[in-house]
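Structural overview
Chain by chain, the residues run as shown.
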Amino acid sequence: MSTHTEVSEISSENPNTCLANIESTQTSPLEKNAVQLNALQRLCYPILLISALLTIGSAFYFDLNFGLCNVVFLLWAIAYLAICERLIPYEKEWHPTLAEWGRDGLYLVITMSGGALSVAAIYAIASVISPMHSVIPLWLEIPLALLLTSLGSYVFHRAGHEFTWLWRLHGIHHTVSKINVSNNALNHVLDVFGRRFLAQLPMLILGISQPALFIVSIFNTAQGYFAHANVDVRLGKLNYLVGGPEQHRLHHSLDIREAGHYSVDVPIWDLLFKSYFWKNGRTPNAVGIKNVTSFPPANAIFSNFLHPFVKKRNYFSTKNSS
């Protein structure tokens, strides 16, 4: 009885004491939001990789068409990363407008067409010169296919920055001053065709199987769009094993001394050929190209398609581009 009386007296004399103690044990809305955003930053990339594995597993288990699975995963990756961009943006100013989504959607159709043309050409050649069945086990085919596609893509991509006519093809991708999942598709159809062709031809000549090609293509799709996403995700030391947004933002830098990073899947070729410049905390001051007037506006899709074939007196040298 006396104890109850003492507690009552304390509560009546100090009404704010209990409230203060309760509030001190609660998490503020801002703190909760910060914890949730931090969790999303950590989970963004793993969730993308898990979805890639689920796509691959479903394709094999249900005997699905590889081409259809590629398209479905591509659309999923774009939608998922677009949501992540809104929740954990690296730069809010880099969000695409509705008009830019529409423009980039048209470029995506062009990009997919270029990829389809390269695949058709590859298989036409492979039907004549490559073996019918692979003699390499799948567990060995997958890393071999990954390294070969990465090397072919690296060579063509770097050439696109160092040779004038190829820069006319590739430079359209660098003209925008934003980097996001939407404008990853902003490419010249022949640039896409050339890179895919060079990446896949050696594998089919060696007789790499379609399952291995499918697995690597899903991984490359995930990496390509993840690296170009406007997300505040930091991979830390994983940047030396896989490509990511931190590296690719440097690739788009106006400062060519730190651009490099021509691989978006695995950075092994950048490391070997001295084009790897990322270090923890390094970010570009600005992205794009110095002379944007050397290309038609990004919205002028037909003009950009014709651009490599039209001579310009003021053509901006690739040596001074990013």
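Residues numbered from 1 in each chain as written. Predicted model: local features only at pLDDT ≥ 70, side-chain atom pairs only at ≥ 80, totals over all residues. Heavy atoms only, no water.

As for the overall build of the protein chain
From N to C terminus, the protein chain includes 12 helices and 0 strands. Secondary structure elements of the protein chain, listed N to C terminal, follow the sequence α-α-α-α-α-α-α-α-α-α-α-α. Counting across all 322 residues of the protein chain, residues that qualify as buried make up 45%. Across the protein chain, the fraction of contacts at a sequence separation of at least 24, relative to all contacts at a separation of at least 6, is 75%. Working note: accessible area of the protein chain is about 17300 Å², and carbon and sulfur atoms make up 66% of it. (Helix = DSSP H or I, 4+ residues; strand = E, 2+ residues; numbered from the N terminus. Buried < 20%, exposed > 50% of the residue type's maximum accessible area, 1.4 Å probe, protein only. Contact = heavy atoms within 4.5 Å. Areas by Shrake-Rupley, 256 points an atom, 1.4 Å probe, with all protein chains shown as cover.)

With respect to the confidence of the model for the protein chain
Scored by pLDDT, the protein chain comes out at a mean of 86, with 85% of its residues at no less than 70. Summarising per-element confidence for the protein chain, the mean pLDDT is lowest in helix H1 (residues 2–13) (46) and highest in helix H11 (residues 268–272) (98). Across residues 313–322, confidence stays below pLDDT 50; counting only partners more than four residues off in sequence or on other chains, it has 31 contacts. (pLDDT = per-residue confidence, 0-100.)

Overview of the packing of helix H4 (residues 66–87) against helix H9 (residues 210–227)
Packed helix pairs are specified by the crossing angle of their axes together with the interaxial distance, meaning the distance between the axes. At their nearest, the axes of H4 and H9 sit 10 Å apart, and the two run at 15° to each other. If you check the angle between H4 and H9, you find them roughly parallel. Crossing handedness for the pair H4 and H9: right-handed. Contacts from Phe66, Cys69, Asn70, Phe73, Leu74, Ile78 and Leu81 of H4 reach H9 at Gln210, Pro211, Phe214, Ser217, Ile218, Thr221, Ala222, Tyr225 and Phe226. (Axes fitted to C-alpha atoms, helices over the stretch in contact; angles between N-to-C directions. Parallel < 35°, antiparallel > 145°, perpendicular 65-115°, else oblique. Left-handed = near helix turned anticlockwise from the far one by under 90°.)

Some remarks on the pattern of salt bridges
Close approach of charged atoms lets side chains of opposite charge pair. Tallied over the full model, the rule gives 7 salt bridges. Between Glu100 and Lys178 there is a salt bridge, with its nearest N and O atoms 3.0 Å apart. One end of the pair, Glu100, is in helix H5 (residues 98–129); the other, Lys178, is in the loop between helix H7 (164–170) and helix H8 (189–206), and 78 residues separate them in sequence. For the pair Glu100 and Lys178, a shared accessibility class is recorded, and that class is buried. Where Glu258 meets Arg282, a salt bridge forms, and the shortest distance between an N and an O atom there is 3.3 Å. With Glu258 in the loop between helix H10 (245–251) and H11 and Arg282 in the loop between H11 and helix H12 (301–306), this residue pair connects regions lying 24 residues apart in the sequence. (Salt bridge = Lys/Arg side-chain N within 4 Å of Asp/Glu carboxyl O.)

Points about the packing of aromatic side chains
Overall, the coordinates contain 15 aromatic pairs when judged by the stated rule. The interplanar angle of 85° and the centroid separation of 5.7 Å between the aromatic rings of Tyr154 and Tyr262 together place this pair among those described as edge-to-face. Separated by 108 residues along the polypeptide, Tyr154 in helix H6 (residues 138–162) and Tyr262 in the loop between H10 and H11 bring together distant segments of the chain. For the pair Tyr154 and Tyr262, one class covers both residues: buried. (Phe/Tyr/Trp six-rings, centres within 6.5 Å; stacked < 30°, edge-to-face > 60°.)

Points about the packing of H6 against H8
Between H6 and H8, the shortest axis-to-axis distance is 8 Å and the interhelical angle comes to 145°. In the crossing of H6 with H8, the sense of the turn from one axis to the other is right-handed. Side by side, H6 and H8 meet where Ala145, Leu148, Thr149, Gly152, Ser153, Val155, Phe156 and His157 of the first sit next to Asp191, Gly194, Arg195, Leu198, Ala199, Met203 and Leu206 of the second. Looking at side-chain class alone, the contact of H6 with H8 contains 8 nonpolar, 5 polar and 2 charged residues. (Nonpolar A, V, L, I, M, F, W, Y, C, P; charged D, E, K, R; others polar.)

Notes on unusual backbone geometry
For Asp63, which is not glycine, the phi dihedral falls at a positive 55°. Positioned with a positive phi, Lys274 is a non-glycine residue whose angle comes to about 60°. Turning to its location among the elements, Lys274 is positioned in the loop between H11 and H12. With a relative accessible area of 68%, Lys274 lands in the exposed category.

Things to note about the nonpolar core
By size, the foremost hydrophobic cluster in this structure holds 31 residues, and its most contacted members are Leu48, Leu81, Tyr225 and Phe226. Those elements that provide at least two residues to this core are helix H3 (29–61), H4 and H9. Ranked by the residues each element gives to this core, the list is headed by H4, at 9 residues. When residues no more than four places from it in sequence are discounted, the contact partners of Leu81 are Cys44, Leu48, Val181, Tyr225, Phe226, Ala229 and Val231. (Core = buried A, V, L, I, M, F, W, Y, C linked by side-chain atoms within 4.5 Å.)

Regarding H4
In an α-helix, one turn spans 3.6 residues, which is why side chains three or four residues apart end up on the same side. Its 22 residues place the ends of H4 31 Å apart at the C-alpha level, agreeing with the 32 Å of an ideal helix rising 1.5 Å per residue. The backbone nitrogen of Gly67 lies 2.9 Å from a side-chain oxygen of the residue at the head of H4, namely Asn65. (Expected span 1.5 Å × (residues − 1). Polar contact = N/O pair within 3.5 Å; in protein donor to acceptor, adjacent residues only side chain to side chain.)

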